[in-house]
Each structure stands twice: as C-alpha cells, then as structure tokens.
Amino acid sequence: MKLIIQIAAYNEEKTLEATLEDLPRKLPGIDEIQVLVVDDGSTDRTGEVAKNAGADHVKRLTQNRGLAGAFRTALDESLRLGADIIAHTDADNQYAAGDIEKLIAPILSGEADMVVGARDMESIEHFSPSKKFLQKLGSRVVRGFSGLDIPDATSGFRAYSRDAASRLNVLSNYTYTLETLIQAGREGIAVAWVPIATNPKTRESRLISSNWNYIRRSVATIFRIFVLYEPFKVLATLAAALILPALMLGMRFLYYYFTQGGQGHVQSLILAAILTIIGFQVFVLGIIADLLAANRRHITELLNRRRRDEGFGDE
C-alpha cells in the first residue's frame, strides 16, 4: 500500500521545511510513503527547500496556476507515481501532520474513499468571528448542494483513495475544496470526516484576501459546478421564472381586453410575448445542456478509466 503526501506550494521557502519535517515516514497499514511537492511557479527558493528538506518528488510549474491548478497537477502526478492513497496538506504547516494517520484510517478500513479533516473552528484563535461564520456558512451551503454532511468544507487537509482521486476533475482556478466535495456528492463517492488539530498561524491567508472576495469567488464556483451537474434543473427554473410572469401579463391583457372592449394595455401583451420567447429559448437550452452534460459524464468516465488503469503506474 503506497501513500503519497502531496503539497502545493507557492513562495513557501520560510514554512515548507518545517512542514516537511513534521510529515510521517511510517504508518500502520502503509508499506511506502513518498512526499510530492508541486512548486506552483514560485519566485523564491521553494523548490530548492523542498529538495533539501527530503521531498521525494518536486514538480515545478513554469508559471503560477493558483491553488486549484496546483492541486489538480499534484493529483495527476500522485496517480502517475502509483499512489494507492493520496493525502493532501498545506505548505504553511497549518494542519497537524500527526493526524495523517487518522485521516487515512477510513480509507484503509474501506469505510470511505475520501476523507476531510475537520478543524474545530471555535478553538482557532487567529480566525476572526466573521471568518468563522463564513466557514460555517460555506459548509452549510456545500452540504445543500452536495448532500454530504461535512462540518469543515473548506479544509484542505484531505485523503483520497486512488479511485476517488481518478474521478475528480477540478475546473476552478481558485480553490478545489468546495468543488471536489460537490463533485464527490454528485458522483456518489463515499466521503467521511475526522476531527483534526491545527498548528499556530505562520502567515496570512493568501486565498482569502477579503471576506467579500472570498464570498464572491466561492459563490461563483458553487454556482458553476451546480450548473455543470444540473444544467436542466437550473435553466428550467430560469425558464419558469420568465414564463410565469409572461402568463400573468397575458391574463392581465385578456382581462382588460374583455372588460374594456380591447382598448389599451398592448404593452402587457408585447412584454408577455418577449418573456415567453426568451423563456422558451432558455428551456430549449436547458435540454441541450442536459444532453451535453450526459455526453460530458461519458467522456469523463472514459478519462477516469484511463487515469486509473492505463497511464499512471509506477515509474
């Protein structure tokens, strides 16, 4: 059983060495542990520090792709290196590396294919009240979209079985945490969570520059993923939101037409016609999008089979 601990790092020369030193090198049920660091186009000595601190594999990206892009690269590289289980942690040493054993336990026992390490938000002193509220709110929203009861949806401390990792396709360039949970719920991947500890703060968050920016980008990510998986439901709802007012305006025109001899209120009829046409077009787009989504699922499954079986064995 091979475990690869992957880290996506961008300009982390000051924190990466401590992060790597804390990682376990032996765990019960694991025959081999390797560490992979993806240097996300850093402009400092991140790659050099990773090599000197004992990372087994260092993959450098020529330009910064963002957290989600680096995670996507790390996931593919871990699969290519023959990982049976993949654990992901942050380069800033936020998460207690000793909990990796706890993190992978549900996968080893066959209880889950994806495990999220859930932080105790109230005990994290450097989290402001507004940040704690947003983290909890985000977890509730993701729960509604994914159907998964995960108390810390934004945690980046996670473990994946080979099968689960091969089925995840991250499209966002902002963050992978919300997207992968929604995908897992929609794909029927068994997901569990375990309580974890965190280390003292080492630097400011780069992902959340402001609460408003975090909300805006997270909402956009969630909406896009929901449209991707449920295009007909979204577009049919939008079509109904256009056609129902059109029907009401049409009835208004007919009421005045029969009660006042057909004088005036032509604007209601014109607006009703416009809304009906647009609503019908949106509905047809929903049908087309649903067919495209079915085709995308088929292509994705073929890609996943290739990732699992054909091109990602041991070097």
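Preceding this section is the structure that the text describes.
Figured I'd write up the structure that's included with this text.

About the thresholds
Residues numbered from 1 in each chain as written. Predicted model: local features only at pLDDT ≥ 70, side-chain atom pairs only at ≥ 80, totals over all residues. Heavy atoms only, no water. Helix = DSSP H or I, 4+ residues; strand = E, 2+ residues; numbered from the N terminus. Buried < 20%, exposed > 50% of the residue type's maximum accessible area, 1.4 Å probe, protein only. Contact = heavy atoms within 4.5 Å. Phe/Tyr/Trp six-rings, centres within 6.5 Å; stacked < 30°, edge-to-face > 60°. Polar contact = N/O pair within 3.5 Å; in protein donor to acceptor, adjacent residues only side chain to side chain. Pairing = 2+ DSSP bridges. Axes fitted to C-alpha atoms, helices over the stretch in contact; angles between N-to-C directions. Salt bridge = Lys/Arg side-chain N within 4 Å of Asp/Glu carboxyl O. Expected span 1.5 Å × (residues − 1). Core = buried A, V, L, I, M, F, W, Y, C linked by side-chain atoms within 4.5 Å.

Remarks on the overall build of the protein
At step 1: Helix and strand counts for the protein stand at 10 helices and seven strands.
At step 2: Scored against the burial criterion, the 315 residues of the protein give a buried share of 47%.
At step 3: Restricting the contact set of the protein to residue pairs at least 6 apart, pairs at least 24 apart contribute 74%.

Structural notes on the packing of aromatic side chains
Each aromatic ring pair is specified by the distance between its two centres and by the angle formed by the two planes.
At step 1: Using the criterion set out here, one finds seven aromatic pairs in the structure.
At step 2: Relative to Phe283, the ring of Phe232 has its centre 5.7 Å away and its plane inclined at 65 degrees; by these criteria the two rings are edge-to-face. Of this pair, Phe232 sits in helix H9 (residues 231-259) while Phe283 sits in helix H10 (residues 266-309), and the two are 51 residues apart along the sequence.
At step 3: Judged by relative accessible area, which is 32%, Phe232 ranks as partly exposed.
At step 4: Geometrically, the ring pair formed by Tyr255 and Tyr256 is edge-to-face, given 5.2 Å between the ring centres and 75 degrees between the ring planes.
At step 5: What makes Tyr256 partly exposed here is its relative accessible area of 23%.

Here's the deal with unusual backbone geometry
At step 1: Even without being a glycine, Asn11 presents a positive backbone phi close to 50 degrees.
At step 2: Phi at Asn93 is positive, roughly 60 degrees, even though this residue is not glycine.
At step 3: By the element assignment, Asn93 lies in the loop between strand S4 (85-90) and helix H4 (100-108).

Details of the side chain of Thr19
At step 1: Of note, Thr19 is situated in helix H1 (residues 16-22).
At step 2: Within the structure, the side chain of Thr19 is placed 3.0 Å from the backbone oxygen of Thr15, a separation counted as a polar contact.
At step 3: Sequence-distant contacts of Thr19, that is, excluding residues within four places in its chain, are made with Ile7, Asp90, Ala91, Asp92 and Asn93.

Points about the sheet that holds strand S5 (residues 114-118)
At step 1: Within the open sheet, the seven strands sit side by side as S3-S2-S1-S4-S6-S5-S7. Their pairing is mixed. The two strands at the open ends of the sheet, each matched to only one other strand, are strand S3 (57-61) and strand S7 (191-195). Averaged over neighbouring strand pairs, the angle between their axes works out to 20 degrees when direction is ignored.
At step 2: Where helix H3 (residues 66-80) meets the sheet, it contacts strand S1 (2-9), strand S2 (32-40), S3, S4 and strand S6 (158-161), and its direction lies at approximately 145 degrees from that of S2.
At step 3: The strands that H4 touches are S1, S4, S5, S6 and S7; relative to S6, the one it contacts most, it runs at about 30 degrees.

As for the pattern of salt bridges
At step 1: The tally for this structure, following the rule as stated, stands at 10 salt bridges.
At step 2: As a salt-bridge pair, Asp56 and Arg25 come within 2.8 Å of each other at their nearest N and O atoms. Taken together, the residues span a long stretch of sequence, with Asp56 in the loop between helix H2 (46-52) and S3 and Arg25 in the loop between H1 and S2 at a distance of 31 residues.
At step 3: Take Arg25: its relative accessible area is 41%, and that puts it in the partly exposed class.
At step 4: Ionic pairing is found between Asp39 and Arg60, a salt bridge with its closest N-O pair at 2.9 Å.

What to know about helix H7 (residues 177-187)
At step 1: Of all 11 residues in H7, eight are buried, a share of seventy percent or more.
At step 2: When we look at burial in H7, the residues that qualify are Thr177, Leu178, Glu179, Thr180, Leu181, Ile182, Gln183 and Ala184.
At step 3: Once H7 ends, the next one or two residues include Gly188, with phi positive near 75 degrees.

Remarks on H3
At step 1: Taking 1.5 Å of rise per residue, the 15 residues of H3 would be expected to cover 21 Å, and the 21 Å separating its terminal C-alpha atoms lies within 8% of that figure.
At step 2: Every buried residue of H3 is listed here: Gly66, Ala68, Gly69, Ala70, Phe71, Thr73, Ala74, Leu75, Glu77, Ser78 and Leu79.
At step 3: Following H3 by one or two positions, Gly82 has its phi on the positive side, about 85 degrees.

Concerning the environment of Leu16
At step 1: Considering the arrangement of structural elements, one finds Leu16 in helix H1.
At step 2: Under the relative-accessibility criterion, Leu16 is labelled buried at 0%.
At step 3: Remark: the alpha-carbon pair of Leu16 and Asp90, spanning 74 residues in sequence, is separated by 9.0 Å.
At step 4: Ignoring any residue separated from it by four or fewer positions in sequence, one finds Leu16 in contact with Ile7, Val37, Thr46, Val49, Ala50 and Ala91.

Considering the nonpolar core
At step 1: Ranked by size, the top nonpolar core spans 34 residues in total, and within it Leu75, Met114, Val142, Tyr160 and Leu181 carry the most contacts.
At step 2: Elements that contribute at least two residues to this core include exactly S1, S2, H3, S5, helix H6 (162-167), H7 and helix H8 (211-229).
At step 3: Ranked by residues supplied to this core, first place goes to H3 with six residues.
At step 4: Other than its neighbours up to four places away in sequence, Tyr160 contacts Phe71, Leu75, Asp84, Ile85, Ile86, Ile107, Asp113, Met114, Ala165, Leu168, Tyr176 and Thr180.

Notes on the side chain of Ser166
At step 1: One can find Ser166 in helix H6.
At step 2: Assessed through its relative accessible area of 0%, Ser166 is described here as buried.
At step 3: Separated by 2.8 Å, the side chain of Ser166 and the backbone oxygen of Asp163 make a polar contact.

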